[in-house]
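Close look at the chain arrangement
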Amino acid sequence: MTAYPLPTGEQIIGALSVKFGQQLRTGRWVEQPAAKYECLLCERVETAIGAEAVTRFTQTIRTTHRDACPGYPIEGARAA
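Residues numbered from 1 in each chain as written. Predicted model: local features only at pLDDT ≥ 70, side-chain atom pairs only at ≥ 80, totals over all residues. Heavy atoms only, no water.

**A look at the pattern of salt bridges**
On inspection of all chains with the given rule, the structure shows three salt bridges. For Lys19, the salt bridge identified is with Glu31, shortest N-O distance 3.4 Å. One end of the pair, Lys19, is in strand S3 (residues 14-19); the other, Glu31, is in strand S5 (residues 29-31), with 12 residues separating them in the sequence. You can call Lys19 partly exposed: its relative accessible area is 47%. In this structure Glu31 comes out as partly exposed when scored by relative accessible area, which is 36%. (Salt bridge = Lys/Arg side-chain N within 4 Å of Asp/Glu carboxyl O. Helix = DSSP H or I, 4+ residues; strand = E, 2+ residues; numbered from the N terminus. Buried < 20%, exposed > 50% of the residue type's maximum accessible area, 1.4 Å probe, protein only.)

Take a look at the structure:
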């Protein structure tokens, strides 16, 4: 799969989805929060599970994946 073109000329190159989970009033998690990032350029899928992990993941995935993605269009962004 490749990047999805938009009418403005920009491209969607990834999708981030988040499940918020379900927590009881006691603080116990019935269903843990989860996040998933799917890159349309390299087709890699990265995930995180748990409230703290999802928070860190959603704050950093755009830059951390871009730096390691072999399909990212900017030459200097590829990891050695």
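**Points about the sheet that holds strand S6 (residues 34-39)**
Strands sit in the order S3-S6-S7 across an open sheet of three strands; the sheet is antiparallel. Looking at which strands have only one partner, the edges of the open sheet turn out to be S3 and strand S7 (45-49). The sheet shows a mean angle of 10° between the axes of neighbouring strands, taken without regard to direction. Sheet analysis places S3 next to S6, joined by six bridges and oriented antiparallel. Its bridge partner lying in S6, Ser17 is registered against Lys36. (Pairing = 2+ DSSP bridges. Axes fitted to C-alpha atoms, helices over the stretch in contact; angles between N-to-C directions.)

Worth remembering: the numbers are spatial, not functional.
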